[in-house]
Number of protein chains: 2
Amino acid sequence: MSRLDRSLISGLPLFQGIAPADLDVIMQQARSLRIPKGDAIFEQEEEAHSFFLLLDGYARVVKHTPDGQQVIVRYISAGELMGIAQALGRKTYPANAIAVVDCVVLAWPGQLWSEFAARFPSFGAGTYNTVGARLNDAQTRFVEMSTEQVEQRVANTVLRLANQTGKKTEDGLLIDFPISRQDIAEMTGTTLHTVSRLLTAWEERGLVKSGRQRVTVVEPHRLMLLAEGRVEKS
Amino acid sequence: MSRLDRSLISGLPLFQGIAPADLDVIMQQARSLRIPKGDAIFEQEEEAHSFFLLLDGYARVVKHTPDGQQVIVRYISAGELMGIAQALGRKTYPANAIAVVDCVVLAWPGQLWSEFAARFPSFGAGTYNTVGARLNDAQTRFVEMSTEQVEQRVANTVLRLANQTGKKTEDGLLIDFPISRQDIAEMTGTTLHTVSRLLTAWEERGLVKSGRQRVTVVEPHRLMLLAEGRVEKS
DNA sequence: CGGTCTCTTTGCTGCCTAGCAACTTGCACG
DNA sequence: CGTGCAAGTTGCTAGGCAGCAAAGAGACCG
């Protein structure tokens, strides 16, 4: 394991207002892990032994249903906490986390969470803001699933991903990690076939460009109108 | 306003381990409100001035979509906290809360939340357990919406409500507050017509009994099988 | 550079369930 | 005790989208 320097985390909002000496203390107790693309960071039902900070890469949070289907709950970007079951009094992780690309994560033993939160109030508050945002997000997506049809849901999801991770290219906003039609289907409660048809239709209208494991939003504004159901469907 | 005694809250899990004298302090800062059936306790987008404890009754948490549809996010039972936006760093309430029957709530000014959490760690931890449970619930329902068809979703929802609030009657478990077909539809992303058809079909098979604003689960076990999709549909 | 595997596209069919409309039931209120 | 309204029921139709199947397109590997 390499030496862990506080500079890895000192720029993150979560650690603002914590003294450099304290950051060193925090880092001393962290382990750094490299997770190859496709490997699990933690798994559903597993005992929550650690909590994690994603330093680099992207991770996918996935829930499995009893009958073997899977649903993508969210994507995690670099700088975000994950696996914070302890903060919510849970004994096990509620989902799987899979590295979408090669990732670097920091891991701390679970019982340290409450210690950190007590010693560094801004850390605790920051975590709970994250939790609040995720709860809000989960409910928003539940409302979407309840009230919108597939095309609007897929449009909303693509827009969210582009906003969360989009990299500017000459064509538009490119989603920054490999994402298949199947992945988008698992986020929106549809099938890869339907997603494929939609992306093709959108591409013909100039809204997006897409290819193998790749989606670029060309015209966010028009796609947003479509997501809101205020224009003709494909 | 009537005198507020600590006995109103001393039995709740949330306040276990807090000294009677401290409970008195907590109660001194509370206002007690009676909310008639149908009135709002707080509203979506409104500034989060208070947080609440439902002392008696049931409340419905509802989100409105921009185009005027509404979705029922959850029901709150007596003894639960609600409107704890402050705990998650939110400035406004994320949804409406409506009294489903005449309710009694305690309200505290929002800024007291962090004070309580700091002085009474078990209170803070209890809140976050609640938040964790709600996040988990929201994600579970999202997965259901993604992977199950209407009949299974309605079955799951009716079972959850019966478990959460069910009163034993000679027929079975009766959901303890008035709930219409439309309400169930708004929890499951379907229409009142479909809910009506399902309840009728279930009643013919002896799984439930239902009437105007009333649902009784007669055979939870068989309904559960149906919810899991392991038996023939109606 | 060819073979293979995964991802993607696309046509066709069928079913679930939304949407509409008309009718019935039951509760509340004067 | 009748009247009115909200809640519930039910038949019919249509459409959105899943499911299946087969072919096409990249990417990776030896």
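Residues numbered from 1 in each chain as written. Chains lettered and ligands numbered in written order. Predicted model: local features only at pLDDT ≥ 70, side-chain atom pairs only at ≥ 80, totals over all residues. Heavy atoms only, no water.

**Details of the protein's contact with DNA strand D**
Thinking step 1. Near DNA strand D lie 18 residues; those nearest to it are T190 and T194 of chain A together with R181, S196 and Q213 of chain B.
Thinking step 2. Near-protein atoms of DNA strand D (within 4 Å) split between backbone and bases, with sugar and phosphate holding 65%.
Thinking step 3. In the model, a phosphate oxygen of DNA strand D is placed 2.9 Å from a nitrogen or oxygen of the T190 of chain A side chain.
Thinking step 4. A distance of 2.5 Å separates a phosphate oxygen of DNA strand D from a polar atom in the side chain of T194 of chain A. (Near = heavy atom within 4 Å. Polar contact = N/O pair within 3.5 Å; in protein donor to acceptor, adjacent residues only side chain to side chain.)

**Considerations on the relation of the copies chain A and chain B**
Thinking step 1. In the superposition of chain A on chain B (RMSD 0.0 Å, axial shift 0.0 Å), the rotation amounts to 180°. Both copies are brought into coincidence by an operation consistent with a two-fold rotation axis.
Thinking step 2. The share of interface residues of chain A whose copies in chain B are also at the interface is 100%, consistent with both copies meeting through the same surface. (Least-squares fit on C-alpha atoms with pLDDT ≥ 70 in both. Contact = heavy atoms within 4.5 Å.)

**With respect to the sheet that holds strand β7 (residues 96-99) of chain B**
Thinking step 1. The four strands lie next to each other as β2-β7-β4-β5 (chain B), forming an open sheet whose pairing is antiparallel. One side of each edge strand has no neighbouring strand; the edge strands of this open sheet are β2 (40-42) and β5 (70-77) of chain B. Across this sheet, the average inter-strand angle for adjacent strands is 30°, counted without regard to direction.
Thinking step 2. By the bridge criterion, two bridges tie β2 of chain B to β7 of chain B in an arrangement that is antiparallel. Opposite F42 of chain B, over in β7 of chain B, you have A97 of chain B as the bridge partner.
Thinking step 3. Docked against the sheet, helix α3 (residues 121-147) of chain A engages β4 (58-64) and β5 of chain B, running at close to 130° with respect to β5 of chain B.
Thinking step 4. Docked against the sheet, helix α5 (residues 181-188) of chain B engages β4 and β5 of chain B, running at close to 100° with respect to β5 of chain B. (Pairing = 2+ DSSP bridges. Helix = DSSP H or I, 4+ residues; strand = E, 2+ residues; numbered from the N terminus. Axes fitted to C-alpha atoms, helices over the stretch in contact; angles between N-to-C directions.)

**Looking at the protein's contact with DNA strand C**
Thinking step 1. Around DNA strand C, a shell composed of 19 residues is seen, among which S196, R212 and Q213 of chain A together with T190 and T194 of chain B lie nearest.
Thinking step 2. Take H193 of chain A: an N or O atom from its side chain is 3.0 Å from a base oxygen of DNA strand C.
Thinking step 3. Interatomic distance of 2.9 Å between a backbone N/O atom of V150 of chain B and a phosphate oxygen of DNA strand C.
Thinking step 4. At the level of elements, α6 (192-204) of chain A together with α6 (192-204) of chain B are the ones that each hand at least two residues to the surface near DNA strand C.
Thinking step 5. Take the surface near DNA strand C: its biggest share by element is five residues, from α6 of chain A.
Thinking step 6. Partitioned by chemical class, the residues of the surface near DNA strand C number two nonpolar, twelve polar and five charged. (Nonpolar A, V, L, I, M, F, W, Y, C, P; charged D, E, K, R; others polar.)

**Topic: the confidence of the model for chain A**
Thinking step 1. Summary statistics for chain A give a mean pLDDT of 95 and a share of 98% for residues scoring 70 or more.
Thinking step 2. Across the interface, the model reports ipTM at 0.94; the global pTM reads 0.94. (pLDDT = per-residue confidence, 0-100.)

**Remarks on the pattern of salt bridges**
Two side chains carrying opposite charge are able to pair once their charged atoms lie near each other.
Residue and element names in this part refer to chain A.
Thinking step 1. Scanning the model with the defined rule gives 18 salt bridges over all chains in all.
Thinking step 2. A salt bridge links D24 to R6; the shortest N-O distance between them is 2.9 Å. Here D24 is found in helix α1 (residues 20-28), whereas its partner R6 is found in the segment before α1, with 18 residues between them in sequence.
Thinking step 3. The exposure class assigned to R6 is partly exposed, which follows from its relative accessible area of 32%. (Salt bridge = Lys/Arg side-chain N within 4 Å of Asp/Glu carboxyl O. Buried < 20%, exposed > 50% of the residue type's maximum accessible area, 1.4 Å probe, protein only.)

**Some points on the sheet that holds strand β9 (residues 167-168) of chain B**
Thinking step 1. A sheet is described by the order of its strands in space; here four strands give the open sequence β9-β10-β12-β11 (chain B), paired in antiparallel fashion. Both edges of this open sheet fall to β9 and β11 (208-211) of chain B, since each of them pairs with a single strand only.

**Notes on unusual backbone geometry**
Leaving glycine out, the prevailing phi sign among residues is negative, and the prevailing peptide bond configuration is trans.
Residue and element names in this part refer to chain B.
Thinking step 1. Of note, the phi angle at E45 is positive, near 75°, even though the residue is not glycine.
Thinking step 2. Even without being glycine, Q213 reaches a positive phi, approximately 55°.
Thinking step 3. Positionally, Q213 belongs in the loop between β11 and β12 (214-217).

**A few points about the pairing of β11 of chain B**
All names here are of chain B.
Thinking step 1. Looking at chain direction, β11 and β12 are connected through four bridges and run antiparallel. What sits directly across from S210, in β12, is V215.
Thinking step 2. Counting the residues in the hairpin turn of β11 and β12 gives two residues, including Q213, whose phi is positive at 55°.

**A word on the domain arrangement of chain A**
Residue and element names in this part refer to chain A.
Thinking step 1. Taken domain by domain, chain A comprises domain 1 (6-145) and domain 2 (148-227).
Thinking step 2. Averaged C-alpha coordinates put domain 1 and domain 2 at centres separated by 26 Å.
Thinking step 3. Every contact between the two is made by 16 residues of domain 1 and, on the other side, 16 residues of domain 2.
Thinking step 4. For the pair domain 1 and domain 2, the summed buried area comes to about 1400 Å², and 51% of that belongs to carbon and sulfur atoms.
Thinking step 5. In this structure, the connection of domain 1 to domain 2 is made through two salt bridges.
Thinking step 6. At the surface where domain 1 touches domain 2, the tally comes to nine residue pairs in polar contact (both at pLDDT 80 or more).
Thinking step 7. Broken down by secondary-structure element, the contributors of at least two residues to the side of domain 1 that touches domain 2 are β4 (58-64), β5 (70-77) and α3. (Domains from an automatic or database assignment. Buried area = accessible area lost by both parts, 1.4 Å probe.)

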